[in-house]
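Examining the three-dimensional arrangement
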Amino acid sequence: AQSVTQPDIHITVSEGASLELRCNYSYGATPYLFWYVQSPGQGLQLLLKYFSGDTLVQGIKGFEAEFKRSQSSFNLRKPSVHWSDAAEYFCAVGASGGSYIPTFGRGTSLIVHP
Amino acid sequence: GAVVSQHPSRVICKSGTSVKIECRSLDFQATTMFWYRQFPKQSLMLMATSNEGSKATYEQGVEKDKFLINHASLTLSTLTVTSAHPEDSSFYICSARDAGAYGYTFGSGTRLTVV
């Protein structure tokens, strides 16, 4: 079975600073990988996904993530954070065979200081 | 893009009553929908997979008699929390797979409070 680890519960950055949220996965084959963002009291919005091909994936809102097979990681990055980026971020992994229903990490709460 | 509408966004009910939550795919057909539960400051836990025209598949530990799922059409799945108790208070989110987008689209969630 697949699993996801997001080692950071909270991350605090200053507005304009760069951001990296960590995600490590466990899965026997090449996984499908996702990053979602959740604002308070809201559902989840897909930021980006990796299925195959180029390991650097571009998403919405200026986010990108890099799949590193050797490290079993799929870290999310943004070069310059905006106050509106404050939210909960979830990494998810889906099995590459079948319906790839995502399994979620526990989430990382991003706090942005002005 | 694919849109999933979930209703209501918030509901407060008395203990012992039942509450129905609707999940609709607005611009695509979803043969399969998913129901998640999220506790405060925690991740999403998959409760069940809702299959159009057949019985839902429940995850281990989820009471199928308490959480009734119906998927009567390709665009609508409902979750009914029966005989609700305060411990059922939570944030419930539905999701549908959009085969064309090769991804999962989530509803905006329902905050259930049982008093």
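See the structure printed just above.
Presented here is an overview of the structure given in this document. (Residues numbered from 1 in each chain as written. Chains lettered and ligands numbered in written order. Predicted model: local features only at pLDDT ≥ 70, side-chain atom pairs only at ≥ 80, totals over all residues. Heavy atoms only, no water.)

With that settled, the discussion passes to the overall build of chain A. Across its full length, chain A carries zero helices and 12 strands. Walking chain A from its N terminus toward its C terminus, one meets helices and strands in the order β-β-β-β-β-β-β-β-β-β-β-β. Over its C-alpha trace chain A gives a radius of gyration of 13 Å, about what one expects of a compact globule, namely 13 Å for 114 residues. For chain A, the C-alpha atoms occupy an extent of roughly 45 × 30 × 20 Å along the three principal directions. (Helix = DSSP H or I, 4+ residues; strand = E, 2+ residues; numbered from the N terminus. Rg over C-alpha atoms; globule rule 2.2 N^0.38 Å.)

A word on the state of the cysteines. In total, this model carries two disulfides over all chains according to the counting rule given. Covalent S-S linkage joins C23 of chain A and C91 of chain A, the inter-sulfur distance amounting to 1.9 Å. A torsion of -65° about the S-S bond marks the disulfide between C23 of chain A and C91 of chain A as left-handed. On the criterion of sequence distance, the pair formed by C23 of chain A in the loop between β3 (19-21) and β4 (24-26) and C91 of chain A in strand β10 (residues 87-94) is long-range, its members being 68 residues apart. Since its relative accessible area comes to 0%, C23 of chain A is described here as buried. Disulfide pairing places C23 of chain B opposite C94 of chain B at an S-S distance of 2.1 Å. (Disulfide = S-S within 2.5 Å. Buried < 20%, exposed > 50% of the residue type's maximum accessible area, 1.4 Å probe, protein only.)

Here the focus is unusual backbone geometry. Residue P8 of chain B follows H7 of chain B across a cis peptide bond; omega there is 0°. By the secondary structure assignment, P8 of chain B is in the loop between β1 (4-7) and β2 (10-13). One non-glycine residue with positive phi stands out, namely S72 of chain A, at about 50°. Following the sequence through the fold, S72 of chain A ends up in the loop between β8 (64-68) and β9 (73-78). S72 of chain A gets classed as partly exposed once you look at its relative accessible area, which sits at 27%. Despite not being glycine, S83 of chain B has its phi angle at roughly 45°, a positive value. Within the fold, S83 of chain B resides in the loop between β8 (76-81) and β9 (90-98). A relative accessible area of 34% means that S83 of chain B is categorised as partly exposed.

Attention now moves to the sheet that holds β1 of chain B. Residues and elements named next belong to chain B. Spatial strand order, β1-β3-β8-β7: four strands in an open sheet with antiparallel pairing. This sheet does not close on itself; its edge strands, each paired only once, are β1 and β7 (67-73). Across the sheet, the mean angle from the axis of one strand to that of its neighbour is 15°, orientation sign disregarded. Direction of pairing for strand β3 (residues 19-25) relative to β8: antiparallel, over a ladder of six bridges. Each residue of the ladder has a partner; that of R24, found in β8, is L76. (Pairing = 2+ DSSP bridges. Axes fitted to C-alpha atoms, helices over the stretch in contact; angles between N-to-C directions.)

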